[in-house]
Amino acid sequence: MKDKKIILFPFIRCYSPEKLAAFLDSMVRKGWFPKKITLFSYFFISFIKTEKKEYRFAVDFNLMSSRGYRDFYSSFNWIHLGKMSNLNLWYKEPEDDSGKEIYTEKEHILQNQKRYALFYLAAIIPLVMLFAAITAMLVLSFSQITVLKAVIYCIIDILLLCTLLATSRQFSKLLKLINKEKKEL
Amino acid sequence: MQEKEIKKYTPMSETMFLLLLSLYDSKHGYGTMKFVKEKTNGRVILGAGTIYQTLSKLEKEKLIIHTENINRQKKYVITEKGKEVVDYEVNRLKSLVQIAEDIHNEG
């Protein structure tokens, strides 16, 4: 039986911090625990097989990830799983009585979603640049390169375009969500 | 403190109001959550992130100050300025409740 599972592009699957937390909750419920969160987690997260558990995950953007910040959350029994850039992933036992959510004020929930949107944008910009660069190279040197090279470049370009479209689609969903919540505030 | 400055903070969110009230005695973040939960009979359970951000904001505005560090946990207590803001808010809320009661009694 497999004891490791890799989920590609977890952030493209989950367009809001709440969706990402719910996705991780559901994976742990099925017996898959996220191994660690690193800078590469944008591309994939690996999960290891564990017993089926109930945990509550939370995604939090903190601009100053100081020791004070971590100590503060730890005193509420949140366990730090890891961070990539300023995105921090926390989890805790579900029956813990010191709060099941990290943010209970609408203003803070919205602020967290806005930071997630910036995080998305930071991923979209390099994708656009890479796509533009490869397309330009393909067009400019089309007569000079071999057919095989041209095909490889085309495949990379198409894959990039698909990723870009998927990310942009999720990004627009997040913007809609933010606008809706702004109106409710 | 001038009324104009106090008005900057009111009407205040339930979170901010309850956190200020919890700090009449010095407490750390977890202590404020327990206080609020107990006083509201479990109706309000503030999240760690919400408390963290609100306390930082209150400290910046000098409505509370950081007193000591125990086991790497910062403790805070309300300042005179904070108390003035709370008194103002209490009076504002009282006048609102009075209006509601008057209407209720008329009906």
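About the cut-offs
- Residues numbered from 1 in each chain as written.
- Chains lettered and ligands numbered in written order.
- Predicted model: local features only at pLDDT ≥ 70, side-chain atom pairs only at ≥ 80, totals over all residues.
- Axes fitted to C-alpha atoms, helices over the stretch in contact; angles between N-to-C directions.
- Helix = DSSP H or I, 4+ residues; strand = E, 2+ residues; numbered from the N terminus.
- Parallel < 35°, antiparallel > 145°, perpendicular 65-115°, else oblique.
- Contact = placed C-beta atoms within 7 Å.
- Nonpolar A, V, L, I, M, F, W, Y, C, P; charged D, E, K, R; others polar.
- Pairing = 2+ DSSP bridges.
- Core = buried A, V, L, I, M, F, W, Y, C linked by C-beta atoms within 7 Å.
- Buried ≥ 20, exposed ≤ 12 C-beta atoms within 10 Å, placed from the backbone.
- Domains from an automatic or database assignment.
- Expected span 1.5 Å × (residues − 1).
- Arc of directions from axis to C-beta.

Novice: Just to check I follow, could you spell out the packing of helix 2 (residues 14–22) of chain B against helix 3 (residues 29–39) of chain B for this structure?
Specialist: To characterise two packed helices, one gives the angle between the axes of the helices and the distance between these axes. Residues and elements named next belong to chain B. At their nearest, the axes of helix 2 and helix 3 sit 9 Å apart, and the two run at 105 degrees to each other. On the basis of their axis angle, the class for helix 2 and helix 3 is roughly perpendicular. Facing Leu-18, Leu-19 and Ser-22 of helix 2, the residues of helix 3 in contact are Thr-32, Phe-35 and Val-36. Taken together, the residues of the contact of helix 2 with helix 3 sort by class into four nonpolar, two polar and no charged.

Novice: Teacher, can you tell me more about the pairing of strand 5 (residues 79–84) of chain A here?
Specialist: Note on strand geometry: in a regular strand, side chains alternate between the two faces of the sheet. Residues and elements named next belong to chain A. One ladder, built from five bridges, connects strand 5 with strand 6 (residues 87–92); its direction is antiparallel. Within strand 6, the position partnered with Met-84 by the bridge is Leu-87. In textbook terms, the turn of a hairpin is the stretch between consecutive antiparallel strands, and for strand 5 and strand 6 this stretch comprises two residues, one of which, Ser-85, has a positive phi near 55 degrees.

Novice: Hey, could you run me through the nonpolar core in this one?
Specialist: In globular proteins that are soluble, nonpolar side chains generally tend to be buried together. A:Trp90, B:Leu19, B:Leu20, B:Ala48, B:Ile51, B:Leu55 and B:Ile64 are the most contacted members of the largest nonpolar core, which totals 46 residues. Split by domain, the residues of this core number at least three in each of domain 1 (4–92) and domain 2 (106–184) of chain A. Discounting residues that sit within four places of it in the chain, B:Leu20 has contacts with B:Leu63, B:Ile78, B:Gly82 and B:Val86.

Novice: In this structure, what is going on with helix 2 (residues 17–29) of chain A? I would like to understand it.
Specialist: Since the α-helix turns once every 3.6 residues, residues separated by three or four places project in the same direction. Residue and element names in this part refer to chain A. With 13 residues, helix 2 ought to run about 18 Å at 1.5 Å a step, and its terminal C-alpha atoms sit 18 Å apart, in line with that. Buried within helix 2 we find Pro-17, Leu-20, Ala-21, Leu-24 and Val-28. Seen from one end, helix 2 has its buried residues packed into an arc of 100 degrees, which puts them on one side. Turned more than 90 degrees away from the buried face of helix 2 sit Ser-26 and Arg-29, all of them exposed. In this structure, the buried side of helix 2 is in contact with helix 1 (10–13), strand 2 (32–34), strand 4 (56–61) and helix 4 (106–140). One or two residues past the end of helix 2 sits Gly-31, with phi positive at roughly 95 degrees.

Novice: What is the right way to read the domain arrangement of chain A from this model?
Specialist: As a measure of interface size, the accessible area lost when the parts come together is often cited. Residue and element names in this part refer to chain A. The assigned domain composition of chain A is domain 1 (4–92) and domain 2 (106–184). Taking only C-alpha atoms into account, the centre of domain 1 sits 23 Å from that of domain 2. Between domain 1 and domain 2, the residue contacts involve eight residues of the former and twelve residues of the latter. For the side of domain 1 that touches domain 2, the per-class residue count stands at six nonpolar, one polar and one charged.

Novice: Any chance you could explain the sheet that holds strand 2 (residues 64–70) of chain B here in plain terms?
Specialist: Backbone-to-backbone hydrogen bonds join strands into a sheet, with any given pair of strands oriented parallel or antiparallel. Residues and elements named next belong to chain B. Spatial ordering of the open sheet is given by 1-3-2, a layout of three strands whose pairing is antiparallel. Both outer strands of the open sheet, strand 1 (27–28) and strand 2, are each paired with one neighbouring strand and no more. Of the pairings in the sheet, the one linking strand 2 to strand 3 (residues 73–78) comprises five bridges and is antiparallel in character. Paired with Asn-69 across the two strands is Lys-74, which belongs to strand 3. Where helix 4 (residues 48–60) meets the sheet, its contacts fall on strand 2 and strand 3, and the angle it forms with strand 2 comes to roughly 120 degrees.

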